[in-house]
Amino acid sequence: MCGIVGYVGHRDVLPILINGLKRLEYRGYDSAGIATYNESQGINLVKTKGKMANLEVLLESSYYQESFLGIGHTRWATHGIPNDVNSHPHASNSGDLVLVHNGIIENYESIKNLLIKRGYEFKSDTDTEVLVNLIEEVKKKEQVKLGKAVQIALNQVVGAYAIAVFDINKPNEIVAARLGSPLVIGIGAESNEHFIASDIHPFIEYTKSVVYLEEGELAIVKGKKIKIRNIKDDKLKSILITELNVELEEIRKGDYEHFMLKEIHEQPKVILDTYRGRLSENKDMIKMSGLIDNKEILSKIDRIVILGCGSSYIAGLLGEYLLEDFIGIPVEVEYSSEFRYRNPIIRENDLFIAISQSGETADTLAALKLVKSKNAFTFGICNVVGSSIARLTDAGAYTHAGVEIGVASTKALMSQMIMLYMFAIHLAQIRQKLSQDKFNIYRDELLSLPEKIERALALEPAIKKIAYIYSEANNFLYLGRKYNYPMALEGALKLKEISYIHAEGYPAAEMKHGPIALIDNDMPVVVIATENENSEKIISNIQEIKARNGRVIGIIREDSKLKSLFDHAIEIPSTFDQLMPIISLVPLQLLAYHIAVIKGKNVDQPRNLAKSVTVE
Ligand code: F6R
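Procedures and definitions
- Counting of residues starts from 1 at the beginning of each chain's written sequence and follows it residue by residue.
- For this predicted model, a pLDDT threshold of at least 70 governs which residues receive local features, and a threshold of 80 or more governs which side-chain atom pairs are given and counted, while totals over whole chains, interfaces and linings are taken from all residues.
- In computing side-chain properties, one takes all heavy atoms of the structure into account and sets aside hydrogens as well as water.
- Put simply, DSSP H or I for four residues or longer makes a helix, DSSP E for two residues or longer makes a strand, and each gets a number counted from the N terminus.
- Both definitions apply: the radius of gyration is a C-alpha atom measure, and the globule rule equals 2.2 Å times residues to the power 0.38.
- For each residue, the accessible area found with a 1.4 Å probe, counting protein chains only, is set against the maximum for its type, and the residue is called buried under 20%, exposed over 50%, and partly exposed in between.
- By definition, residues are in contact when any of their heavy atoms lie within 4.5 Å.
- Computed with the Shrake-Rupley method and a 1.4 Å probe, the accessible areas treat only the protein chains shown as cover for residues.
- Strand pairing is assigned whenever DSSP detects at least two bridges linking the two strands.
- Helix axes use the C-alpha atoms of the stretch in contact, all axes being lines fitted to C-alpha atoms, and the angles between their N-to-C directions lie in the range 0 to 180 degrees.
- For Phe, Tyr and Trp, where Trp contributes only its six-membered ring, two rings pair if their centres lie within 6.5 Å, and the inter-plane angle classes them as stacked under 30 degrees, edge-to-face over 60, or tilted in between.
- Delimitation of the domains relies on an automatic or database domain assignment.
- Summed over both partners, buried area is the accessible surface (1.4 Å probe) that two parts give up on being assembled.
- In what follows, salt bridge is the name for a side-chain nitrogen of Lys or Arg lying within 4 Å of a carboxyl oxygen of Asp or Glu.
- Each residue is tested against the molecule or strand, and it is near if at least one of its non-hydrogen atoms lies within 4 Å.
- Polar contact criterion, stated in full: a pair of N or O atoms within 3.5 Å, where within protein one must be able to donate a hydrogen and the other to accept it, and residues adjacent in sequence count only if both atoms are side-chain atoms.
- Residue polarity follows a fixed list, in which Ala, Val, Leu, Ile, Met, Phe, Trp, Tyr, Cys and Pro are nonpolar, Asp, Glu, Lys and Arg are charged, and the others, Gly among them, are polar.

Draft legend 1. How the structure looks around the overall build of the protein. Scanning the protein for helices and strands turns up 19 helices and 25 strands. For the protein, the C-alpha radius of gyration of 25 Å lies close to 25 Å, the compact-globule estimate for 616 residues. With respect to the three principal axes, the spread of C-alpha positions in the protein is 75 × 55 × 45 Å. Counting all 616 residues of the protein, 61% fall into the buried class. In the protein, the proportion of contacts linking residues at least 24 apart, taken out of those at least 6 apart, comes to 70%. Carbon together with sulfur atoms contributes 48% to the accessible area of the protein, which is approximately 23,700 Å² in total.

Draft legend 2. Representation of the sheet that holds strand E10 (residues 194-197) in the model. The eight strands are arranged E3-E2-E4-E1-E10-E9-E11-E15 in an open sheet whose pairing can be described as antiparallel. Every other strand in the sheet has two partners, leaving strand E3 (42-49) and strand E15 (242-243) as the edge strands with one partner each. Pairing analysis gives three bridges linking strand E9 (residues 184-187) to strand E11 (residues 209-212), with the strands arranged antiparallel. By the bridge assignment, Val184 is partnered in E11 with Tyr212. Across the sheet, helix H1 (residues 13-24) lies against strand E1 (3-8), strand E2 (31-38), strand E4 (69-75) and E10, angled at about 160° from E1, the strand it touches most. Taken strand by strand, helix H2 (residues 52-60) contacts E2 and E3, and its axis lies near 135° from that of E3.

Draft legend 3. Up close: the packing of aromatic side chains. Scanning all chains against the criterion turns up 13 aromatic pairs. A centroid spacing of 3.6 Å and a plane angle of 15° characterise the contact between Tyr313 and Tyr335, whose relative ring orientation is stacked. With Tyr313 in helix H10 (residues 310-327) and Tyr335 in strand E17 (residues 331-335), this residue pair connects regions lying 22 residues apart in the sequence. Relative accessible area serves as the criterion here: at 11%, Tyr313 is assigned to the buried category. Summarising the aromatic geometry, the rings of Phe326 and Tyr421 are spaced 6.2 Å apart at their centres and angled 65° between planes, so their arrangement reads as edge-to-face. Remark: Tyr421 occurs in helix H14 (residues 411-430) and Phe326 occurs in helix H10; sequence separation between them is 95 residues.

Draft legend 4. Quick peek at the domain arrangement of the protein. Once the domains are mapped, the protein shows domain 1 (3-250), domain 2 (253-457) and domain 3 (460-598). Here the C-alpha centroids of domain 1 and domain 2 sit 34 Å apart. Carbon and sulfur atoms make up 47% of the surface buried where domain 1 meets domain 2, a total of about 1,000 Å² over both sides. When the area that domain 1 buries against domain 2 is broken down by residue, the three leading residues are Tyr26, Tyr212 and Glu250, summing to 43%. Taken together, domain 1 and domain 2 are joined by two salt bridges.

Draft legend 5. Structural context of the site of the ligand. Around the ligand sit 14 residues, and of these Ser312, Ser356, Gln357, Ser358 and Thr361 come closest. Here an oxygen atom of the ligand sits 3.0 Å away from a polar atom, N or O, in the main chain of Ser311. A distance of 3.3 Å is found between an oxygen atom of the ligand and a backbone nitrogen or oxygen belonging to Val407. Considered class by class, the residues forming the shell around the ligand number four nonpolar, eight polar and two charged. Mapped onto the domain boundaries, the shell around the ligand takes at least three residues apiece from domain 2 (253-457) and domain 3 (460-598).

Written out as structure tokens, the structure is:
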């Protein structure tokens, strides 16, 4: 939630902040703001409710003098409604300090009351304004420099944060710190400039050398040097520079109307990228060092628990079927948020898999910390390299889906499902549950998927026509059995996220236990009916819908005999039942996308959502 950007160096800071915030807008877009500083203009603080476009309009009409120090913010509101006053940056009472913040300060009210008693006044309802004034108070009281004041103040707050703050008395310095929200520092090519941001995108045209700030670290960032300290004990930390492998093109829309559409169409390549380098030289084994290096532990595990949120949770549901099929041990899938608020059973022989595109989802991170505190073995499936979850897990595998900018997850989910398939067959190999012949069959099917996804994508014009017919519906039901059930959930999730149409996903057989009451001519039902086995069961479900005047859109195999049962049939390429969800995902994404576009919704930045949910 919320995007932070900062720069100190020799370039004019305003374009860096504006471009940077545009690239971080996926993290939140309730409001946006910047603060720059130079000696003659002083602090130039411009902020407004709404998207970056609003801020740009405001900036055009406001006076600005070239500056070399600045911070910016794009907000997803937590404390205080999205309005101009609550927008970041926030200045301290003296006007010397300016701060941007991603996260939540849980004890802000008690600190605020204390500060009010000491004469501080507050303009906004935010926890952030409390924090900047707390830093100011510490700085004055303790007579310390900004870095030290931030360190002392952060030791008094409870909650999660990534912050960037500057002091006009030190106009060549930004202090940044993180706990629970990501922050990365870009080291300028000529080493006389530094960038700070919530992720690497704001600065990838300037530098590929980065330092990921670790949990509980504070950085004093100047034009020429950085110092990193531990917030708790103030100890100096060593600086680990990582070289990035991301190109600017990856974060551009190209010829596509939306990032979401681009990302849907990237999926054949994403599958290749996910399995690239993961087959042994003679292609008779999956290579996953995170698994093979921990062979001993993994041969003993007798239960797997998968943790995730949203679409990553849905990937986990498919993983459950695959792992139970291939390995034959119990698998449970849990919403990270639910898991940690129960008294979860965490045993020595359990394997915990955390799935997260961003690798920063607060609920998954917190669940993982709980698991780690009980010494269970953890494996991360993340997309963002160097993310918190990736670094916290004992072992893991990156999905290499590339940068996903559309807020609704598409290609990231695809890559997670591919990864879980490889994980399952690899673990089956390690545990000697899979013959070489069977492995070869599963491998060949994996290799055939990119071409099959291409063919599914070619159905887009037909899917668009269906989208036109149903775009006025107020409700949708999605049904699927067994492997298709997770896709019923995903189809519904995608539709509601981007078109704001109410949609529910159900196991097909559950329909008769309640949702059937909703069925009439106004409730389109999408049935994912790609199974070879037990297809007679899904036929009964379809007939139950038709008998109640329901209109049914079917997602079926190209060779399916079920076509005549549907009002509209989307015929997709065939593969094993277990892999059919990977193909049926494509029409579900396209249907949701086109309905949302027809309805004129902002598919890349749906209301109220943000890409990375770093609050619990
Ligand atoms: C759905 C979506 C969200 C995310 C969820 C988890 O389209 O994007 O439901 O899947 O917030 O995010 P990650 O995978 O980053 O942990």
